[in-house]
Amino acid sequence: MQDLCVRIVSGKLNPANFEDSCLTYVSCRLGENEWRSPPCRGLVPSYNISQIMTVPHTDTRLHLEVWEKRTFHNTHCSVIYIDLEDVMFRYKCGAGCWYATQPLGRLLHSDHILIDVHFLLGVSELDAPRDELEELERRLNELQTIRKTEMTTLRAQSQAKNFQDIKGQNITRTLSIRNPQPQSGPCPYTRTDSYLTSESGSVYRELNVDSESCPSRSRHSSYNSEGESSRPSTAAVPSDHQTFHNNHTDDGPGGQMSLDGSEHGEELSEGALMWIRAMDRMREMKYVRGKDIRSVPREECDGEERQEDTMEDRSTIQGSTFRSGNINQLDRMWDAVSSSKMKQMFTAPAEEEVEEEKMPPDTEDPLLNIPNYDSLKVHVFKKTVQALIYPISLSEPHMFQTWTFLSPVYCSECEGLLVGVRKQGMKCGKCGIKCHQKCQELMNADCLQRARQKSKEACAENSALQENIIRNIEQRIKVTENSSQHVFELLRDAFIYTQDTLDSVKKEVKHSILTGSSKWSAKIDIEVVEAQGLTGKDKSGTSDPYVTVQIGKKRERTNTILQDLNPKWRETFSFVCNNSSDRIKVRVWDEDDDLKSKLMTHLKREPDDFLGQTIIDVKQLCGETDVWYDLNQRTDRSDVSGQIHLRMTIKIEGEAHNMASYHTQYQILHETLFSHMYSINGEVKIPEENKKQQNGDEWPVFFDKTAQLIVEEFATRYGIESIFMAMTQFSCLTRRFITKKDAPPQHVSRLLAYINTHYRDRNGRQEINVSNFGKQRFTQVLDRLQFALRQNLTSYKAVYPAIYPNEEKSMADLKNSIDLLTSIVFFRLKVLQQGVSGTSGGDNTRRTNGIIKERVKACLVKTYYFISKRTDEIYASEYKNTEPLNEHPKTAYWKKLIFLIILDIRMDKKYYDPVFRSFFNHADLSAETFWEHLSAELKTDLNDNVQTYLTEVTTDDIMMLQLQVKSVYDKYVANTPEHVGKIPEFPRWFEPFVMKYLDEADEVVRNNFLVKSLEKDKFVAQITSGNKHSSSVIDIFTSLHGTFEQLEKIDCPVPELRARYYSKFCQTIDSVLMEYIKRITIVFKSNVAGLPETLATECVILCNVHQVREELQSLYKTMGGDNLDLSIRKICDETQKKLKETRNNLVVELVDHLKGHIENSIRWIKADLRNVKSKKDEDILLEMISPLLMYYDQIFDKFVKNCYEAVRKPLVRNAWKVTLKAFEEIIILPDINSMAHEEVQELNNRQSLMVENILNYLKNYFTDNSDNCTKAKSLEKMSEMKHLRKVLSDYRLTTDTLIKNFVNNAESQNWYAEQEDSLGELQLQVDLFSPPGQEHHDLTVKVVSASRLNWNTTKMFKPFVEVNLIGPGTSGVKRRFTTGSKTKTYSPLFNESFHLKILKPNEPNDYELQFSVKDWCFVKTDQLVGVAVMPLRCLIETGSIQDRLALGRCVYLTKENLSIVIILSQRIHDEVAQEFVKLKNLERTEII
């Protein structure tokens, strides 16, 4: 044991965790050793306590806990863990280091404890010089560092391989060293790992230089007498990782290590060996991360016992070496440790172990490890010949018949009394054996042999009978020998013996059978431990159980346990059995102590109440057995329950080889035949048939007919169970499957299925515990097989390749291998009742599908990296002459890799998916695995090299790569369980490249494609194809559709990313189309300016604009229409709006150029209106409009021929608007200011009606000649048409009616005046009074003042106010008043009142007051400063109003009122009308 010094110095407690006056202590625990420091108060406690602890070999960490001491209970505050791997050697205490604690419970902050921990050297400054101690300390710490590094590597490799250890299994090979000529019992060493242990002898004795002072040289090394290293040989030992380490006892460490030094056979020097032992002996390190360091136990050769160290030896030697100052000896040893050989010794074991984990466990025949195997094989050969030469089928069965016994007779089987008056039992007519009728099936001895034995016992009386029996047996043997020559020849060849040997064995066996010299004897120890769940037979509901154990005629009895249904006896009985066919009969009874029961016991030789029994064949026992057995019924009427616990040991003595049971002998026979049959056939050939056993079970046939006969005869003769035979065959097949790979998995799977069925139909766990094959051994076979199957699944594509023409066979083998793995899992769960694990006894509960899926995924990962590596090689070979690989864009690499991945997924789906379908979807798993690695690598590459791809890779190339990635995802990955319903991430990786593609598309279409398209476009309609637009529109949208199709192929599933793509594409559309419209508008204007005659080019351009709108709308619908994002729809709507505005502008511009012809024609109509009075209306109507109609005919024909209906409609409507506008300006509402006085003429009623008829005719003409693109109703509803009809109706009204309508339609002038710059305000007071009985309304207007008049003049400013009453019926009434002028003031004060009268029946609502502020001039006309209007309708409710009116520059007229003013202005002879027009036309003029 190693000594560890722990010193707890002081602490620094966090104030957030403790109070200032807290009382704390530190507890230290290592293994079962625990101690604690004294309590200290305060946040900086000073503990100052040290303790030396012995390190147990099972602990790897030192536990320190900080506690707070309280009144009633102590509180666990925090903990510190110190790995012993990090602890170094020192010969004296140091200052220590601060360790941070891990807070527990409510604590959130760490504290710090100052601790000094170190291993003791075992020597002090008194034992050796200080420099030697320091040197030893340094070298030990370096060894400690090496050990830690190597074990870290070993653990990582072990975890990576997921190969757990299997205790006690012969599955791996280790190196052991045998000395052919040992001097003094050399002990073999096994090299394990970097943990090197020494012999239990004295360390310091081994440090001596001379061989005399080092007695361990011949005993502890692998050197022979010449000093040469003996050659190692292989032997099967357990492969558990722990078994590679050393077993430790209390007496001292013992271990094994290889002395060959390296894998190449190089040897270490003796000094190096002594140094290693010295270091390891002083350290005595016995822990490896919670695992014991154990090794193969040391065998003592020549009977020499291991010597143990005593305390006296150690104390005597401790002062020898180091006091002598032999530091040079240490130097030489350290040089050996530091040499390259030593480094190989430290590193090689880990590599070997990893290599062993990669390979399947060792499957060498375990029977070869049996002592004296060769002689045992000879014995098996003899036993087999004996079974074949006198097979059990030739045995004479008993001839039982019902018999009446005249005297008391007991059963030869159960020794019970045959009760009854007559026909008490059965008796054999040949051998005379007697038994109950119910026991005759248990009498399985050969009647002929029993008769011979019986006649031999009475030799004198039955000599003739004996001779007859012997002759009968000899005759049967001779017949069998003659008819089975081929059987014996096969057996001879299998065991590789000569015919002479076979004849000699036959002779010996026949003599043994005929003379009965064969003897069999075994000593059996049976311990009856306990029973549970017995049936209560007494009235109290309990029983008084005891047990009888019987073998042959000997019977033993346990003590009685009173009133207990779960009794415990723990009694042992010994038996000597001379017949291997005997049975162990264990019966449980309930003892009754009354007279009747005693009498029945004496008569029947049975206890009173039967509680159950279990019968065990002696042949089934092997070694030590510790089993619970179910208690079974004896008859159908028996009421039994419960189990009994037995421990049995059998030792066979009578046979020549008492160390091997019949089952072991059968196994030798079976495996010998198996190997021989393989050597003959060259492969494993097993008949596809079953054979029914005596108990009704069916078992598969293991060999062909001859070999099967051999094993069956041996099994029948010596009681080998069918399950044992099947397990042996399974073991053989498993070994072939693992080592040679030629055992068909369907045979192994089929056989294991039968084994599973056998144990499933029984109490599997109990039966396998008593199986002669051995639960542990069969579990080892399953472990090896399961390991091999898992390894095959990890590389199933290499082991079971889907390559023509053997793909069907490979898939069948793979399916059988999976079925076999399923059977193994079923056996573990149902029979062994343990979880699925790669090692025996594992507690992991993973199911088969989990194991298979895990291994298949591992193989898929390997496949991906293989494909990736292969693709990388192809890629490198293609680009080796261009530029460095790490700088070249890898689009070609990714395309090739994706192509190969798709091929592999398809192959998986076609071949492997049907095999794995019952467990999982292999195609989905393949796609998921490949996608997981492909996406990770592709994402990293694209993100890290985004600039390289943007600058060096064409967008078409990168877009093609994205389409390939999308194709893989959509077709194979999207519907897998891991990705179904999820939005993929890969579109985000390509976002910058898609944006670049859209930018390039915008630039190429606008600057290149668009220009070329317009250059070849002659703006000629493609009439032959039914199109009236030119080819440039088709070219533009063909390019845009190509870009959109690329986006559609991408079909981005990320909503926000798709929205960004569409938004960018819509911006591209807008940019391209606006550039196109801009260019064709220039062409349009240049043609219109030349006053074209045909209008063909202009119509084609208009049709182009229309077609652009149509194509754009269709493209938007294809993109999603109303389902598009709001921002995208906004861009689309804006583009459509721009296109519509452009079309309308072009239409207006074209029609405006036609306006001159239309106006000239209407002027001719105006001139003709003067002749309306002299002719009839219908006569002159067509004459008046015929020039206009002729021009319209020309225009409309061109529109119909060259324009779409959608284009003709705005053209016709605009032409109609121009016509109406011309009629309004020329005829209906002419500008009289531009006309001579004699030309001013008002339309009379007849003329207005004529104009209205003309408009109706033209309206119908427009409807009929526009090819139904415009309806009359739509023309009628136009505001211009409604306005003209209103104006024409106003021509027929009187002046008063027009003025009345004007006043009622007038809007507030005050609002318009306030919107302009302030010209001043006018303060007024108006009173309205309607005296009763009078024919007028009195109106009083008081002009109070004007303020802030805005007027610029160089002369004297003399403002005054003019008041005018406007309304109907004012021709005979004074309607105009003026105030006096004021001088030199801009805010004059008038205070003048005027009285006006409104004649009835006119109402005040129809009147208004107009106030004009003017600047009075003496000679010139008065200048208008501002004007204001007040309607009298605002006085109706109140009758009086006082208000301030803002002055405006003029009177603001609506369209209707302006028309009234124009109509009245044509009535030059009407004074009221002319005055009204003059008032409404007042407008301020600025004085310059």
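Residues numbered from 1 in each chain as written. Predicted model: local features only at pLDDT ≥ 70, side-chain atom pairs only at ≥ 80, totals over all residues. Heavy atoms only, no water.

Counting secondary structure elements, the chain contains 41 helices and 36 strands. When burial is assessed residue by residue, the chain has 50% of its 1488 residues classed as buried. The contacts of the chain with a sequence gap of at least 6 include a subset with a gap of at least 24, amounting to 74%. With the model as given, the accessible surface of the chain reaches about 70,600 Å², and the carbon-plus-sulfur share is 48%. (Helix = DSSP H or I, 4+ residues; strand = E, 2+ residues; numbered from the N terminus. Buried < 20%, exposed > 50% of the residue type's maximum accessible area, 1.4 Å probe, protein only. Contact = heavy atoms within 4.5 Å. Areas by Shrake-Rupley, 256 points an atom, 1.4 Å probe, with all protein chains shown as cover.)

Next up on the list: the packing of helix α21 (residues 807–831) against helix α22 (residues 848–878). With their axes 10 Å apart at the nearest point, α21 and α22 run at an angle of 140 degrees to one another. Judged by the inter-axis angle, α21 sits oblique to α22. Seen from above, α21 lies across α22 with right-handed handedness. Across the interface between the two elements, I818, L821, T822 and V825 of α21 pack against T848, I851 and I852 of α22. Residues belonging to the contact of α21 with α22 are distributed by class as follows: five nonpolar, two polar and no charged. (Axes fitted to C-alpha atoms, helices over the stretch in contact; angles between N-to-C directions. Parallel < 35°, antiparallel > 145°, perpendicular 65-115°, else oblique. Left-handed = near helix turned anticlockwise from the far one by under 90°. Nonpolar A, V, L, I, M, F, W, Y, C, P; charged D, E, K, R; others polar.)

Time to look at the pattern of salt bridges. The tally for this structure, following the rule as stated, stands at 46 salt bridges. The partner of D999 in a salt bridge is K1064, and the shortest N-O contact between them spans 2.5 Å. Of this pair, D999 sits in helix α28 (residues 991–1016) while K1064 sits in helix α30 (residues 1055–1088), and the two are 65 residues apart along the sequence. On the basis of relative accessibility, which here comes to 23%, the residue K1064 falls in the partly exposed class. For R1444, the salt bridge is made with E1321, and the minimal N-O distance between the two is 3.6 Å. Taken together, the residues span a long stretch of sequence, with R1444 in strand β36 (residues 1440–1446) and E1321 in strand β29 (residues 1321–1329) at a distance of 123 residues. One network of salt bridges, with partners in common, ties together K966, D970, E1048, D1051 and R1058. (Salt bridge = Lys/Arg side-chain N within 4 Å of Asp/Glu carboxyl O.)

On to a nonpolar patch on the surface. Nonpolar side chains collect at one region of the surface, where W1416, F1418 and V1419 lie side by side and expose about 390 Å² of accessible area between them. Its location among the elements puts V1419 in the loop between β34 (1408–1415) and β35 (1423–1431). (Patch = residues over 30% accessible without salt bridge, like charges linked within 9 Å, V, L, I, M, F, W, Y side chains within 5 Å.)

For the rest of this paragraph, the subject is helix α11 (residues 485–495). Restricting attention to buried positions, one finds in α11 the residues V487, F488, L490, L491, R492, A494 and F495. Phi for I496, located one or two positions after α11, is positive at around 60 degrees.

Spatially, β16-β17-β18 is the arrangement adopted by the three strands of the open sheet, whose pairing is antiparallel. Of all the strands in the sheet, the pair left with one neighbour each is β16 (400–403) and β18 (434–435). Sheet topology note: the strand β17 (residues 425–428)/β18 ladder contains two bridges and is antiparallel. Across the sheet, the residue bridging to M426 is C435, located in β18. (Pairing = 2+ DSSP bridges.)

For the rest of this paragraph, the subject is the sheet that holds strand β33 (residues 1389–1399). Backbone-to-backbone hydrogen bonds join strands into a sheet, with any given pair of strands oriented parallel or antiparallel. The sheet built from four strands is open, its strands ordered β33-β30-β29-β36 with antiparallel pairing. Edge positions in the sheet fall to β33 and β36, since each of these pairs with one other strand and no more. Pairs of neighbouring strands in the sheet enclose a mean axial angle of 20 degrees, with direction left out of account. Pairing of β29 with β36, which is carried by seven bridges, proceeds in the antiparallel orientation. By the bridge assignment for β36, L1322 is matched with L1445.

Here we come to the environment of K1480. Checked against the element boundaries, K1480 lands in helix α41 (residues 1471–1480). Through-space distance from the C-alpha of K1480 to that of V1461 is 7.6 Å; in sequence the pair is 19 residues apart. Sequence-distant contacts of K1480, defined by excluding residues within four places in its chain, comprise F1302, I1366, E1408, Q1410, V1451, L1453 and V1461.

Here the chain averages 75 in pLDDT, while 73% of its residues score no lower than 70. Counting contacts from residues 161–364, a segment whose pLDDT is below 50, to residues more than four positions away or on other chains yields 437 contacts. The low-confidence segment residues 836–845 (pLDDT under 50) makes 31 contacts with residues lying over four places distant or belonging to another chain. (pLDDT = per-residue confidence, 0-100.)

Turning next to the pairing of strand β19 (residues 522–532). Burial of β19 is extensive: eight of the 11 residues sit out of reach of the surface. Pairing of β19 with strand β26 (residues 643–652), which is carried by 10 bridges, proceeds in the antiparallel orientation. The residue of β26 that forms the bridge with I526 is M648. Pairing analysis gives eight bridges linking β19 to strand β22 (residues 568–577), with the strands arranged antiparallel. Its bridge partner lying in β22, E527 is registered against T572.

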